[in-house]
Amino acid sequence: MLKKLYEKSKLWFAIGWIIGYCVLFSVGDALSTAVGLEKSVTLAVGVLLSAVLFGFLKKNRWIEEYGLCPAKASAKSVLWYLPLVLMLTTNLWFGVTLNYGAAVTTFYILSMFCVGFLEKVIFRSLLFEAMREECPKTAVLVSSVTFGIGHIINLFNGSGAELLPNLLQVVYATAAGFMFVMLYCKTKSLLTCIITHGLFNALSVFAVDPPTLPLKLLSCGLLTLICAGYAIYLAVQLKRE
């Protein structure tokens, strides 16, 4: 059934996955809260969706075609991934704490790696590749912007996100989406993107929020600059090639 949908329209197949992912993860978060164990149901949803998507790609021998393979570019050509390392530190700039108990922390971390896998394959591969043949520039733009705007769903899924922090998240997520799609184009691999995204989200469970609004804005601005700057560097390298 999945293959028939894929063959009918790669673009709508990708859009269907985006909708399904957003809806099911929101439901998972709500049910997790209802049972009193945050991210427990979300993790189950993430594992199930990840298994279905990976199994679909493997069955059709599209693992490498959709970037689930080692990088095909030297570490030197991507600055040894150092901007990604700097990005990973941002959640710890204002201190480290344990925001949840051991069980919820474990569920949170594991579910975030499912998020990293699903969002990278859906946005960076399925959606991007479905649009790339028609217009590569549009594919980059749509893949980046939809990844950023997709984070606004946190305002409506019962996660308790506040307006300003969520809007700031949309801003730097859009820049991160641009960075990840450029890294995918450069390396022909999603593995580094998946690991980085998973680690970034997982580290947020130990984060201390910036204590003031100016610091929140500064943190968001610096994270956006890191991601956008690295994306532009990679884009320039691709253009030269």
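The coordinates are above.
These numbers come from a predicted model, not from an experiment.

Caption draft 1: Local environment of the overall build of the protein. The helix and strand inventory of the protein stands at nine helices and zero strands. Start at the N end of the protein and walk to the C end: the helices and strands fall as α-α-α-α-α-α-α-α-α. A compact globule built from 241 residues should have a C-alpha radius of gyration of about 18 Å, and the protein, at 18 Å, falls within 12% of that. For the protein, the proportion of its 241 residues judged to be buried stands at 45%. The long-range share in the protein, meaning contacts at least 24 apart out of those at least 6 apart in sequence, stands at 78%. Carbon and sulfur atoms form 70% of the exposed surface of the protein, whose accessible area is close to 12200 Å². Mean positive and mean negative side-chain charge positions of the protein (19 and 12 charges, respectively) differ by 7 Å.

Caption draft 2: Local environment of a nonpolar patch on the surface. A grouping of Leu86, Trp93, Leu218, Leu222 and Leu225 is seen on the molecular surface, where their side chains present a nonpolar patch of about 470 Å² in accessible area. Here the nonpolar patch gets three residues from one element, more than from any other, and that element is helix α9 (residues 213-240). For tryptophan 93, the location among the structural elements is in the loop between α4 (82-89) and α5 (102-132). For tryptophan 93, a relative accessible area of 33% gives the class partly exposed.

Caption draft 3: The arrangement of helix α8 (residues 191-203) in detail. Here α8 contains 13 residues, and its C-alpha end-to-end distance of 18 Å stays within 8% of the 18 Å for a straight helix at 1.5 Å per residue. Looking at α8, one finds that the buried residues are Cys193, Ile194, Thr196, His197, Gly198, Phe200, Asn201 and Ala202.

Caption draft 4: Summary view of unusual backbone geometry. Its identity as a non-glycine residue notwithstanding, tryptophan 80 has a phi of 55°, on the positive side. According to the relative accessible area criterion, tryptophan 80 is exposed, its value standing at 52%. The phi angle at tyrosine 81 is positive, at roughly 60°, despite the residue not being glycine. Among the secondary structure elements, tyrosine 81 is positioned in the loop between α3 (40-59) and α4.

Caption draft 5: Broad picture of the environment of serine 125. Considering the arrangement of structural elements, one finds serine 125 in helix α5. On the accessibility criterion, serine 125 (0% relative accessible area) is buried. With 88 residues separating them along the chain, serine 125 and leucine 213 place their C-alpha atoms 36 Å apart. Each residue touching serine 125, except ones within four places of it in the same chain, is listed here: Tyr66, Lys120, Ala130, Tyr184 and Leu190.

Caption draft 6: The packing of aromatic side chains, seen in detail. Per the counting criterion, the structure on display carries eleven aromatic pairs. Ring centres of phenylalanine 56 and tryptophan 62 lie 5.5 Å apart, and the angle between their planes is 70°; this geometry places the pair in the edge-to-face category. Residue placement shows arginine 124 over the ring face of phenylalanine 147; its charged tip is 5.1 Å from the ring centre.

Conventions we followed
- Residues numbered from 1 in each chain as written.
- Predicted model: local features only at pLDDT ≥ 70, side-chain atom pairs only at ≥ 80, totals over all residues.
- Heavy atoms only, no water.
- Helix = DSSP H or I, 4+ residues; strand = E, 2+ residues; numbered from the N terminus.
- Rg over C-alpha atoms; globule rule 2.2 N^0.38 Å.
- Buried < 20%, exposed > 50% of the residue type's maximum accessible area, 1.4 Å probe, protein only.
- Contact = heavy atoms within 4.5 Å.
- Areas by Shrake-Rupley, 256 points an atom, 1.4 Å probe, with all protein chains shown as cover.
- Lys, Arg positive; Asp, Glu negative; His and termini not counted.
- Charge placed at Lys NZ, Arg CZ, Asp CG, Glu CD.
- Patch = residues over 30% accessible without salt bridge, like charges linked within 9 Å, V, L, I, M, F, W, Y side chains within 5 Å.
- Salt bridge = Lys/Arg side-chain N within 4 Å of Asp/Glu carboxyl O.
- Expected span 1.5 Å × (residues − 1).
- Phe/Tyr/Trp six-rings, centres within 6.5 Å; stacked < 30°, edge-to-face > 60°.
- Lys NZ or Arg CZ within 6 Å of the ring centre and 35° of its normal.

Purely geometric numbers; function is a separate question.
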